[in-house]
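# Observations on the model geometry
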Amino acid sequence: MRYLPLSPDDRAEMLAKVGVATIDDLFADVPADKLLTEPLDLPRRKGELEVERILGRMAARNTTASSVPFFVGAGAYKHHVPASVDHLIQRSEFLTSYTPYQPEIAQGTLQYLFEFQTQVAALTGMDVANASMYDGSTAAGEAVLMAHRVTKRDKAILSGGLHPHYAEVIETLCEMSNDRVERLPADVTAAEDIVSRIDKETSCVVVQTPDVFGNLRDLRKIADAAHAAGALLIAVFTEVVSLGLVTPPGAMGADIVVGEGQSIGNALNFGGPYVGLFAARHKHVRQMPGRLCGETVDSEGRRGFVLTLSTREQHIRRDKATSNICTNSGLCCLAFTIHMTLLGQVGLQRLARINHANAVKLADRLAGVPGVEVVNETFFNEITLKLSKPAADVVERLANEGVLAGVPYSRLAPASGLDDLLLVASTEVNTDEDRTALVDGLKGVLS
Amino acid sequence: MLNRQGRPTAAGSAEAAETAGTFTGNRALIQEEALSFEIGRYDTTGVDLDEPEDFAPRLGALAREGEIGIPGLSEPETMRHFVKLSQKNYGIDTGLFPLGSCTMKHNARLNEKMARLPGFSDVHPLQPVSTVPGALALMNELSHYLVTLTGMTTVALSPKAGAHGELCGMMAIKAAIVAKGEDETRDVVLVPESAHGTNPATAALLGFKVREVPAAEDGTVRVEAVRELLGPEVAAIMLTNPNTCGLFEPQIVEIAQALHEVGAYFYCDGANFNAIVGKARPGDLGVDAMHINLHKTFSTPHGGGGPGSGPVVLSERLAAFAPVPFVTAGADGSLTLVEHEGDAPDGSPFGRITAFHGQMGMYVRALSYMLSHGADGMKQASEDAVLNANYIRAGLVDLMSLPFPDHPSMHEVLFDDEWLKDTGVSTLDFAKAMIDEGYHPMTMYFPLVVHGAMLIEPTESESKASLDLFVAALRDLAMAAKAGETARFSGAPYHAPRRRLDETRAARQPILRWTPPQPVREAAE
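Residues numbered from 1 in each chain as written. Chains lettered and ligands numbered in written order. Predicted model: local features only at pLDDT ≥ 70, side-chain atom pairs only at ≥ 80, totals over all residues. Heavy atoms only, no water.

The biggest cluster of nonpolar side chains holds 130 residues, and the ones touching the most others in it are L146, F298, M370 and F430 of chain B. Ranked by the residues each element gives to this core, the list is headed by helix α12 (residues 360–396) of chain B, at 16 residues. Setting aside its immediate chain neighbours within four residues, F430 of chain B contacts W419, V425, M442, M454, L474, L477, A478 and F489 of chain B. Among the nonpolar cores identified, the runner-up in size contains 75 residues, and V240, L243, I338 and A352 of chain A belong to it. (Core = buried A, V, L, I, M, F, W, Y, C linked by side-chain atoms within 4.5 Å. Buried < 20%, exposed > 50% of the residue type's maximum accessible area, 1.4 Å probe, protein only. Helix = DSSP H or I, 4+ residues; strand = E, 2+ residues; numbered from the N terminus. Contact = heavy atoms within 4.5 Å.)

The following block contains the structure:
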């Protein structure tokens, strides 16, 4: 077996040194009737070539985003990632290292975490960011739990513009931890009155911008109302590229900002792994979940970095910890940091303008298609279409014609009854030909 | 730009001056590297993008104003920056990484190659299900392997990491208790003293009261100790097996029976499943739920702290409560993706724990590992991991103190610091001296049940020659400690990119982001 260095002779010699006759003597504590004597009913070992064939066949059955006109978004976005990013994250010293608990031999990881935290804080307009979470949705769940700790209240109010899957993650977490959630109905045109729902029991208001329908939301009045009631405003985003062009939540009074960072540096990966971003205000830093990297010096006075404020964490505090989270999203976080370093603010702003320009072009062209209504007044790179036919059927038919047109809202929230809504994302990868294919396809299906 | 950040700013010891006394602060291949914020430029980008033609923005009144504050670097500068950072890290490919409980085994590059096949990496979680039959097939195949290896009924794939898997498994248990109308009365979870910190943190998050189970003198949990704590208020136990002392719990079957007799559930922390793959099945032992760290047992890379993946296998008693989304197979082999609670054919999912389908990239790597090893290779890997740990134990037992000598070790061996008594050397010092010898330290001060714990897990990836050298190096260190050569330890590491870092200072006045230096004039005021 290519991955196992011990030879039969090695094993015999080592068993003798250990002082046992057979390997099963070392498994003596396994109840005798539970120790497997026959091999399990699974295939035998395979060489690289055979494994490549098997997995290659499976992979070939999927339609890839790069191979078709592609407008699918709703929380994960197809972007171009520079080749150097994937090369760098595969450096052995990054790929095969552990959580940097031994900082003297983990300064590489720690320094990029410090750079990442600085980048995320700058992007979101917040004071501090942690070293990443699993993904945007779990970061949103953790943000609500943090708001409960800060306010010592237990009722979260969720905007109807919040991604339904994010809302479900928060609902599940709160239901299981005996907290309350008030979820507003789907709010397609950003018209909801969330301010009047805030009361003295409210721990936090959770608002997404751009929201799941693509609308940009001004958070300032909501922030003021929340603060007046002693509650926190949690701002959510699922498209981090938007922060290159849109007012950051930190400048609109948000207390916690969470979101999905996949768009920068990371592939679609059918949903994961991704990288959750989590930023907050200085005054709440000791209530933050997840890992934090901080600057310090070594015994010779040289600057260095360590994981810090770990007295919040499970391995120290156990049942009193701020979160049960143990890991972050290290390598995805590194990919984000590298891609963002390549972009710089200049590149990010330009990338964001291209995304926005492509979405505007598409919206303008779709507005002229019979049976299509563009719902949004404002948007970044994703818009919602109201179609004259059920969106799920339209998407399926266009998929058969080789166009992946977007996400039917009913796919995210079947019980909403909003069967005619289609979420359509545009990024820098979309060309004029892609847009023509979508416009023509919709004309054909809706006629 | 010359980086002076790494140059000593305080008077160091004689040997520090000797080794660091270069103009740049570099020492040949060990190079200092400033932050990207210090070497980057605010008008630079390393990505060529064309400015779009003029258009009318639709941002309303929400256009971002002012600078963002993130400098850029060209591609060659970016490469150098991150390559230099990588050279300050220790990885499995650098050398033996005996971090107990963390299972730092070889990360096969075939698995990386497979995960990057566009058919897996360039596929969106919400594109039409009809366009992703291969993705569903992969998830189904991985599930088949996990269920077969564990002898359980089903698996919830979506948890993003081990702790998330714990949360998912305990949520399934809570859902089962609610379904039986017992949630008002069953609110206690038993957790052994030796447990991972995530266990009590998870239980507390779900509103359970944590009750500690004392360990017996031999490092295991006895069924009598569990029985004493059992009552109608007990919802579950969270027990790691093999446990965090590296021992297989000999009474695990009796413990499971005792729990089931009072209507409680058995959550097994599967962090150490790698010791028993192909040797014993948790389902046969009475386990109701267990997370599997794909990044430990099935070698998906740890990546400096993630991404992990923590699927949870469930017994028949809990299978119906698995969260959405999941893939089901029909009698004809057809696969369905169930994404909503209402669509579950027979079951009552407790909800959703992440936006999409979980860590697909990790599923591919884990399945690639499983296909490569096969049933025979996985069993051999478990046996080799156990043999390697016991070989290290045999090589060190005469010098170091073994708190639990009555049982064979499984995949890791636990020493305590009894043998360091009166030497002036602590577990921490000893670990830091290992760094100078070219090794990553073992897990220290965990589990909490012994004093000054040193938990060594070599994994199956080490050759006999590698183990022999490691044992010899540790023996040399141990003898030096006993001979009173404290300087070798108290100042260690001497040869790493950094000496010991001041963690107290980091926590007392946290600096969690870079900020632009104050202009000199301001600083002088």
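The rest of the description comes next.
Turning our attention to the packing of helix α10 (residues 330–366) of chain A against helix α3 (residues 75–86) of chain B. The contact between α10 of chain A and α3 of chain B brings their axes to 9 Å, and the two run at 145 degrees. Every pair of crossing elements has a handedness; the one defined by α10 of chain A and α3 of chain B is right-handed. Contact residues: L334, T337, I338, T341 and L342 of chain A in α10 of chain A; E75, T78 and F82 of chain B in α3 of chain B. Taken together, the residues of the contact of α10 of chain A with α3 of chain B sort by class into 4 nonpolar, 3 polar and 1 charged. (Axes fitted to C-alpha atoms, helices over the stretch in contact; angles between N-to-C directions. Left-handed = near helix turned anticlockwise from the far one by under 90°. Nonpolar A, V, L, I, M, F, W, Y, C, P; charged D, E, K, R; others polar.)

Residue and element names in this part refer to chain A. Where burial is concerned, the two faces of strand β2 (residues 155–158) agree: the one with K155 and I157 and the one with A156 and L158 are both buried. Following the chain from β2 across helix α7 (residues 164–176) to the adjacent parallel strand β3 (residues 180–183), one finds a crossover that is right-handed. Here β2 runs beside strand β4 (residues 202–208); their pairing, made up of 4 bridges, is parallel. Bridge pairing links I157 to V205 in β4. (Right-handed = clockwise from strand over helix to strand, strands pointing away. Pairing = 2+ DSSP bridges.)

With that settled, the discussion passes to the interface of chain A and chain B. Accessible area lost upon the coming together of the parts is a frequently used measure of interface size. Taken together, the contact between chain A and chain B spans 193 residues of the former and 214 residues of the latter. Taken over both partners, the interface formed by chain A and chain B buries close to 17,600 Å², and the fraction arising from carbon and sulfur atoms is 63%. On the chain A side of the contact with chain B, F270, R318 and R411 of chain A bury the most area, a combined 6% of that side's loss. Taken together, chain A and chain B are joined by 105 residue pairs in polar contact (both at pLDDT 80 or more). No other element matches the 25 residues that α10 of chain A contributes to the side of chain A that touches chain B. A breakdown of the residues in the side of chain A that touches chain B according to their chemical character gives 94 nonpolar, 56 polar and 43 charged. (Buried area = accessible area lost by both parts, 1.4 Å probe. Polar contact = N/O pair within 3.5 Å; in protein donor to acceptor, adjacent residues only side chain to side chain.)

Below, the discussion takes up the UniProt feature "domain: Aminotransferase class V" (unreviewed entry) in chain B. UniProt marks residues 184–303 of chain B with the feature "domain: Aminotransferase class V" (unreviewed entry), using the numbering shown here. Between the end C-alpha atoms of residues 184–303 of chain B the distance is 42 Å, and the span holds 24% helix and 21% strand. (UniProt positions renumbered as here; feature names shortened; annotations may be inferred.)

Residue and element names in this part refer to chain B. Most of strand β2 (residues 188–192) is tucked away, with 5 of its 5 residues classed as buried. Neither face of β2 is left uncovered, since the one carrying V188, L190 and P192 and the one carrying V189 and V191 both have all their residues buried. In this structure, β2 lies alongside strand β3 (residues 209–213), joined through 5 bridges in parallel fashion. Residue P192 lies in a different strand from β3, and its bridge partner there is V213. Assessed by its sense of winding, the connection that carries the chain from β2 through helix α8 (residues 198–205) to β3 is right-handed. Where β2 meets strand β4 (residues 234–240), 3 bridges bridge the pair, whose relative direction is parallel. Opposite V188, over in β4, you have V234 as the bridge partner.

Bringing the domain arrangement of chain B into the picture now. Residue and element names in this part refer to chain B. Annotation of chain B at the domain level lists domain 1 (111–367) and domain 2 (379–508). Computed from C-alpha coordinates alone, the two centres of domain 1 and domain 2 are separated by 31 Å. Domain 1 puts 23 residues into the contact, and the matching count from domain 2 is 18 residues. Taken over both partners, the interface formed by domain 1 and domain 2 buries close to 1,600 Å², and the fraction arising from carbon and sulfur atoms is 62%. Taken together, domain 1 and domain 2 are joined by 1 salt bridge. Where E383 meets K279, a salt bridge forms, and the shortest distance between an N and an O atom there is 2.8 Å. At the junction of domain 1 with domain 2, the criterion picks out 8 residue pairs in polar contact (both at pLDDT 80 or more). (Domains from an automatic or database assignment. Salt bridge = Lys/Arg side-chain N within 4 Å of Asp/Glu carboxyl O.)

Let's shift gears to the domain arrangement of chain A. Residue and element names in this part refer to chain A. Each assigned domain of chain A is listed with its residue range as follows: domain 1 (10–51), domain 2 (65–80 + 344–446) and domain 3 (83–339). Using C-alpha coordinates to define each centre, domain 2 is positioned 27 Å away from domain 3. Counting from both sides, the interface comprises 32 residues of domain 2 and, opposite them, 28 residues of domain 3. Each partner contributes to the roughly 2,300 Å² buried at the junction of domain 2 and domain 3, and carbon and sulfur atoms together form 67% of this total. The largest contributions to the domain 2 side of the interface with domain 3 come from Y77, F380 and L412, which together make up 24% of the buried area. On the surface where domain 2 and domain 3 come into contact, there are 0 salt bridges.

So, about the sheet that holds strand β1 (residues 128–129) of chain A. Residue and element names in this part refer to chain A. The strand order across the open sheet formed by 7 strands is β1-β7-β6-β5-β4-β2-β3, and the pairing between neighbours is mixed. Edge strands, defined here as strands with exactly one partner in the open sheet, are β1 and β3. Taken together, the 4 bridges between β2 and β3 define a ladder with parallel strand orientation. Paired with L158 across the two strands is R183, which belongs to β3.

Taking the UniProt record as the reference, the feature "domain: Glycine cleavage system P-protein N-terminal" (unreviewed entry) is found at residues 1–402 of chain A. The span residues 1–402 of chain A carries 35% helix and 13% strand; its end-to-end C-alpha distance comes to 43 Å.

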